[in-house]
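Each chain, letter by letter, is given below.
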Amino acid sequence: MSLLTVKDLGKSFGGVKAVDGISFELAAGELLALIGPNGAGKSTTFNMVNGQLKADRGSISLDGQELIGQKPRSIWRLGVGRTFQIAETFQSLSVVENVQMALLSHDQKIYAMWRRAADYRRQDALALLDQVGMLAQADRPCSELAYGDVKRVELSIAMANSPKLLLMDEPTAGMAPRERNALMALTKKLVTERGMAVLFTEHSMDVVFAYADRMIVLARGRLIAAGKPLEIRDHPKVQEVYFGSGKTFEKAGTKLGGA
Ligand SMILES: Nc1ncnc2c1ncn2[C@@H]1O[C@H](COP(=O)(O)OP(=O)(O)OP(=O)(O)O)[C@@H](O)[C@H]1O
């Protein structure tokens, strides 16, 4: 059975149908890539799933519970996580303290966090860091880490909430190819080990084809194709959008696989 079921989801801004009646499913243990040219509706879709935007129509159901109409915080509590960049204010904290802060937040002990982060559930935080290969660097300040390692820590912070579904918006943006592959291989490992589902946008087609179990393709708010990477690559509509005349997206100045 699907973990996430999206049906006839729609959102308009003024006269623009940003998302125009899309439907898709996502199972536990699956990595689903959401791709499409600039302005296709990817961010709008993401923000409806995490509750930052309210859908005009349709349904988003997680494990049978309707998410539309719920606040972002409630949706997060139900198990929809997302990766956040480590805020500048937390850069001076150590790696493990950043994960401890996330555990405090998960446990709703947010008000005491400044005082208590250093003591709070340290062993659990270390276990999360171990899962992302960052145990050896647990006591270093985040500000000293290489970019790829910061991304690993961000992933472990997202894991602190034990998400059933993790949303990743351009997870490998700004990374070199080797770092990109390492991060996605790690994500895939977490998906398999934890039975977590991941929905991600990505502009690097290499990453998408190498790591996505399935893909959905949006263009002008509509879902134009869904399937396994190889099926998508050969799909006529996708070919037209990305490689063809470019008629549909000429004006948007589409980059290949623009996320
Ligand atoms: N807050 C908003 N107000 C008005 N129009 C918006 C708003 N958010 C998005 N849109 C419009 O909705 C459409 C879809 O935008 P969206 O950001 O979801 O696309 P995207 O696929 O994420 O694009 P990109 O790859 O450029 O980030 C675009 O035409 C955009 O201009």
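Not measured: the values here are computed from a predicted model.

Analysis parameters
- Residues numbered from 1 in each chain as written.
- Predicted model: local features only at pLDDT ≥ 70, side-chain atom pairs only at ≥ 80, totals over all residues.
- Core = buried A, V, L, I, M, F, W, Y, C linked by C-beta atoms within 7 Å.
- Buried ≥ 20, exposed ≤ 12 C-beta atoms within 10 Å, placed from the backbone.
- Helix = DSSP H or I, 4+ residues; strand = E, 2+ residues; numbered from the N terminus.
- Domains from an automatic or database assignment.
- Near = placed C-beta within 6 Å.
- Nonpolar A, V, L, I, M, F, W, Y, C, P; charged D, E, K, R; others polar.
- Pairing = 2+ DSSP bridges.
- Axes fitted to C-alpha atoms, helices over the stretch in contact; angles between N-to-C directions.
- Contact = placed C-beta atoms within 7 Å.
- Right-handed = clockwise from strand over helix to strand, strands pointing away.
- Parallel < 35°, antiparallel > 145°, perpendicular 65-115°, else oblique.
- Left-handed = near helix turned anticlockwise from the far one by under 90°.

Peer 1: What should I look at first to understand the nonpolar core in this one?
Peer 2: Soluble globular proteins tend to bury their nonpolar side chains together. Counting 68 residues, the largest nonpolar core has L32, V99, L165, V198 and V217 as its most contacted members. Among the elements that make up this core, the one with the highest residue count is helix α3 (residues 95-106) (seven residues). Counting residues domain by domain, this core receives three or more from each of domain 1 (1-79 + 163-259) and domain 2 (86-162).

Peer 1: Honestly, the site of the ligand in this entry has me stumped. Any pointers?
Peer 2: The local shell around the ligand holds 13 residues, among which F13, A18, K42, S43 and T44 are the closest. Secondary-structure elements contributing two or more residues to the shell around the ligand are β2 (16-26) and α1 (42-49). The element that contributes the greatest number of residues to the shell around the ligand is α1, accounting for three residues. For the shell around the ligand, the class distribution of residues is five nonpolar, seven polar and one charged.

Peer 1: Just to check I follow, could you spell out the sheet that holds strand β10 (residues 222-227) for this structure?
Peer 2: Think of a sheet as strands paired side by side through backbone hydrogen bonds, with each pair either parallel or antiparallel. Read from one edge of the open sheet, six strands run β6-β7-β8-β3-β9-β10, paired in mixed fashion. Either end of the sheet is taken by a strand with one partner, and the two such strands are β6 (80-82) and β10. On average, each strand axis in the sheet is tilted by 20° relative to the strand beside it, whichever way the strands run. Its contacts with the sheet place α1 against β3 (31-35), β6, β7 (165-169), β8 (197-201) and β9 (214-219), and it is angled at close to 150° to β7.

Peer 1: Quick question: what am I supposed to make of the sheet that holds strand β1 (residues 4-13) here?
Peer 2: Taken in spatial order, the four strands make up an open sheet running β2-β1-β4-β5, and their pairing is antiparallel. The outermost strands of the open sheet, each flanked by one partner alone, are β2 and β5 (65-66). As defined by bridge partners, β1 adjoins strand β4 (residues 57-62) across five bridges and the pair is classed as antiparallel. Residue pairing for β4: T5 is matched across the bridge by S61. Of the strands in this sheet, β1, β2 and β4 are in contact with α1, which crosses β2 at around 60°.

Peer 1: Could you clarify how one ought to interpret the pairing of β7 in this entry?
Peer 2: If a strand is regular, its side chains alternate between the two faces of the sheet. Across the five residues that make up β7, a large majority, four, are buried. Across five bridges, the pairing between β7 and β8 is parallel. Its bridge partner lying in β8, D169 is registered against T201. Note on the crossover from β7 through helix α7 (residues 177-194) to β8: the handedness is right-handed.

Peer 1: Would you take a moment to explain the packing of α3 against helix α5 (residues 122-131) for this structure?
Peer 2: In helix packing, the relevant descriptors are the interaxial angle and the interaxial distance, both defined with respect to the helix axes. At a closest axis distance of 9 Å, the pairing of α3 and α5 adopts a crossing angle of 110°. Taken together, the axes of α3 and α5 lie roughly perpendicular to each other. Seen along the crossing, α3 lies across α5 with a hand that is right-handed. Of α5, the residues touching α3 (which contributes V95, V96, V99, Q100 and L103) are R122, D124, A125, L126, L128 and L129. Partitioning the contact of α3 with α5 into residue classes produces eight nonpolar, one polar and two charged.

Geometric descriptors of this kind do not, in isolation, establish any biological role.
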